[in-house]
Amino acid sequence: MVETATLGWADYTVIFIMLSISIGIGIYYRFSGGRQKTIEEYFVASRSMSVIPVAIALMVSFMSAITLLGVSSENYYYGTQFVVINLSYLIGTPIVCYGFLPVFFKLQATSAYEYLEKRFGVKTRMMASFVYWVQLLLYSGIVLYAPSLALEATTGISKSGSIVIIGLACSFYSSIGGIKAVLITDVFQSILMFASVIVIIIIASYEIGGIEKIWEIAKMGQRIEFDNISIHPTERHTWWSLIFGGLATFLSLYGVNQVQVQRLLTVKSLNNAQQALWLSLPILMLLSVSTCFSGLSMYSKYYDCDPLTEGRISSMDMLMPLYVMDTMHYLPGLPGLFIAGIFSAGLSTISAALNSLAAVTLEDYVKPVYSHYTRKELGPTSSATVGKMIALAYGLISIALAFLAELLGGVLQAGLTIFGVVGGPLLGVFTLGMTSETATESGAITGMILSLVFLLWIAYGQPRPVPPKLVLSKHGCDVNTIKNITLNALEGSMKLSPQKIDDTSYFYLYRISYMWYAPLGFLITVIVGLLVSNIVRCMFRRTQKELDPNLFFPVIGKRLRKKQSLHIECSEFTEHNKVQGKYKFNVNATSDETI
């Protein structure tokens, strides 16, 4: 078995510089400007950010270390079908821009869940906020765990050590520097993320003889797949599951997620926020497609000696860091640059999560409880101080949860599963509020609870089948024969079809693709919510309260304003006619008496 190289002093220097810059940015914003003394500055940067850094930050928080490690290995082991998910981003962006975003911008609230209180009531706000709180904490644990895989596979440092180091660094700069520090470090870290992926593609192209060779080997290895149009929901990745599942996940993250909504509110106008979202789209798709191709690039090296099959790695998420050390260990500093990119991807996502968790906790829980018991509001300076303490506390909690992330399997599927199970119902309850005039609080809560229970059952119920990987080989693992492997030999060894596993013995709902969780959660929440709302209204004959048009999608709000305007005009006309009718009646009566 080939020994894995480790990092040198030059690589550690690059990693140290990256962490120092990130921490330095946090310290700078702690002592500059308003010094993060108000909630307005700490959580929404006093709405003073420009479009470009916000656009980059939107992409970075969505494409975390899970993307770099998980998507690359996804294309290596399961093929390129996953690339189709990028179409869902294209479909979802205008929906967020012209549907959800105008509502939140008019609201101008630090917590996105304040919307639910205004539309439905405080119970809906508390429930949705708590569900989001659980989701983001779990996801933060996974994102923190992912970079630790890279460090363990390349340096010999344990996962425990790397989790603690990354977690503490992130907690420090995000808690003291506020959202400004988070956004600016995102810009810096995005450069490292792109550099990591591009370096892999360049090195692979150089070693194998060009990008066309990478594609040729991937095609012979049955990795190129874009034609799976099966409508069967148990198929892991198809056009339908990726487009509908990707769309629901995208909308839940960009449309109603506190992290992204909070970032979009850091610019001064709705037009600027929409520009930032549109600008983030090509950046997002470029990194996504590049990461997918990096998986094929790695396959061009390991096509006949798969490291997972050989036993060099224990998880497919360790593939990318292993490739870096196998191909770049003789180039001082380059492996360090890659590890810095992986760390940056994790840091950017976690820092955004900590800031958003602090905002939600402060606005939805701490302030209401403080006001209830003291009968006075928490001051701006005190609020900012409490927010920083909460952000730091959540950083420590994320470190603890990272140690449990290994139990969830591959980081890509684990991350998307969490977003699907929780994101679908959250998207459903916000959509109910913004699109339906008949939806009530009882309907929204019932739909969300039933959806969550159902999805938790089918997502984590056991036993469940393991998705089969494409054909893997270790015939060329003999060091003396690796360089003698030809493409013709590869073509001959790959004529076997991927092993088909009979999973019909498993419970059907446990076999449904994880990509369908978000659409299912969305549909269940909306359908049950509307049914319960109308049943309750009919049974108890409750009259519908007057609705604020600003709480609906602009096109629906416009129609509601027109309806309310017509209603007012009709009421005034009716009152006027009543008065006129009484007047004429009296005149006629007098006239008759005279006659």
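Residues numbered from 1 in each chain as written. Predicted model: local features only at pLDDT ≥ 70, side-chain atom pairs only at ≥ 80, totals over all residues. Heavy atoms only, no water.

Draft legend 1. Just the overall build of the protein chain, in detail. When you go through the protein chain residue by residue, the secondary structure sums to 21 helices and zero strands. Buried residues in the protein chain amount to 57% of all 595 residues. Sequence-distant contacts, at least 24 apart, represent 86% of the contacts inside the protein chain between residues at least 6 apart. In the form shown here, the protein chain has an accessible surface area of approximately 25,300 Å², with 65% of it arising from carbon and sulfur atoms. (Helix = DSSP H or I, 4+ residues; strand = E, 2+ residues; numbered from the N terminus. Buried < 20%, exposed > 50% of the residue type's maximum accessible area, 1.4 Å probe, protein only. Contact = heavy atoms within 4.5 Å. Areas by Shrake-Rupley, 256 points an atom, 1.4 Å probe, with all protein chains shown as cover.)

Draft legend 2. Here's a closer look at unusual backbone geometry. With an omega of -5°, the peptide bond running from Gln 462 to Pro 463 counts as cis. Position of Pro 463 relative to the elements: it lies in the loop between helix 18 (441–460) and helix 19 (487–493). Phi is positive for Ser 46, close to 55°, though the residue is something other than glycine. Note that Ser 46 resides in the loop between helix 2 (39–44) and helix 3 (51–62).

Draft legend 3. Spotlight on the packing of aromatic side chains. Evaluated as defined, the whole model comprises 20 aromatic pairs. Aromatic pair Trp 457 and Tyr 510: ring centres 6.3 Å apart, planes at 80°, arrangement edge-to-face. Of the two residues, Trp 457 sits in helix 18 while Tyr 510 sits in the loop between helix 19 and helix 20 (517–540), which places them 53 residues apart along the sequence. The class for Tyr 510 is buried, based on a relative accessible area of 12%. Taken together, the ring pairs in this structure connect Phe 104, Tyr 113, Tyr 115, Tyr 132 and Phe 430 into an aromatic cluster. The lysine or arginine in question, Arg 236, covers the ring of Tyr 78, its NZ or CZ lying 4.1 Å from the ring centre. Between Lys 469 and the ring centre of Tyr 77, over which it is positioned, the NZ or CZ distance is 5.9 Å. (Phe/Tyr/Trp six-rings, centres within 6.5 Å; stacked < 30°, edge-to-face > 60°. Lys NZ or Arg CZ within 6 Å of the ring centre and 35° of its normal.)

Draft legend 4. Inspection of the pattern of salt bridges at higher detail. In the structure shown here, the tally under the stated rule is 10 salt bridges. Among the ionic pairs, Asp 364 bridges to Arg 125, the shortest N-O distance being 2.4 Å. Taken together, the residues Asp 364 in helix 15 (residues 334–374) and Arg 125 in helix 7 (residues 122–155) connect sequence positions 239 residues apart. With a relative accessible area of 1%, Asp 364 lands in the buried category. Judged by relative accessible area, which is 7%, Arg 125 ranks as buried. Measuring nitrogen to oxygen at the nearest pair gives 2.9 Å for the salt bridge that ties Arg 312 to Asp 326. Remark: Asp 326 occurs in helix 14 (residues 319–328) and Arg 312 occurs in the loop between helix 13 (307–310) and helix 14; sequence separation between them is 14 residues. For Asp 326, a relative accessible area of 16% puts it in the buried group. (Salt bridge = Lys/Arg side-chain N within 4 Å of Asp/Glu carboxyl O.)

Draft legend 5. Region of interest: the packing of helix 4 (residues 65–78) against helix 15. Running from amino to carboxyl end, helix 4 crosses helix 15 at an angle of 120°, the nearest separation of the two axes being 6 Å. Between helix 4 and helix 15, the interaxial angle falls into the category oblique. On the side of helix 4, the interface is formed by Ala 65, Leu 68 and Leu 69, while helix 15 contributes Gly 341, Ile 342, Ala 345 and Gly 346. Classifying every residue of the contact of helix 4 with helix 15 by side-chain character gives five nonpolar, two polar and no charged. (Axes fitted to C-alpha atoms, helices over the stretch in contact; angles between N-to-C directions. Parallel < 35°, antiparallel > 145°, perpendicular 65-115°, else oblique. Nonpolar A, V, L, I, M, F, W, Y, C, P; charged D, E, K, R; others polar.)

Draft legend 6. Just the packing of helix 4 against helix 12 (residues 270–302), in detail. Running from amino to carboxyl end, helix 4 crosses helix 12 at an angle of 55°, the nearest separation of the two axes being 7 Å. Relative to helix 12, the element helix 4 is oriented oblique. Crossing geometry of helix 4 relative to helix 12 is assigned as right-handed. On helix 12, the residues that touch Thr 67, Leu 68, Val 71, Ser 72, Asn 75 and Tyr 76 of helix 4 are Ser 288, Thr 291, Cys 292, Ser 294, Gly 295, Leu 296, Met 298, Tyr 299 and Tyr 302. Classifying every residue of the contact of helix 4 with helix 12 by side-chain character gives eight nonpolar, seven polar and no charged. (Left-handed = near helix turned anticlockwise from the far one by under 90°.)

Draft legend 7. Local environment of the nonpolar core. Core analysis: the biggest nonpolar cluster contains 170 residues, and Tyr 115, Tyr 254 and Phe 430 have the highest contact counts within it. Sorting elements by how many residues they give to this core places helix 8 (residues 159–208) first, with 17 residues. Formed jointly, this core draws a minimum of three residues from each of two domains, domain 1 (39–228 + 255–418) and domain 2 (543–574). (Core = buried A, V, L, I, M, F, W, Y, C linked by side-chain atoms within 4.5 Å. Domains from an automatic or database assignment.)

Draft legend 8. Fine view of the environment of Ile 52. Looking at the secondary structure, you find Ile 52 in helix 3. Taking the C-alpha atoms as reference points, Ile 52 and Ala 276, separated by 224 residues in sequence, lie 6.5 Å from one another.

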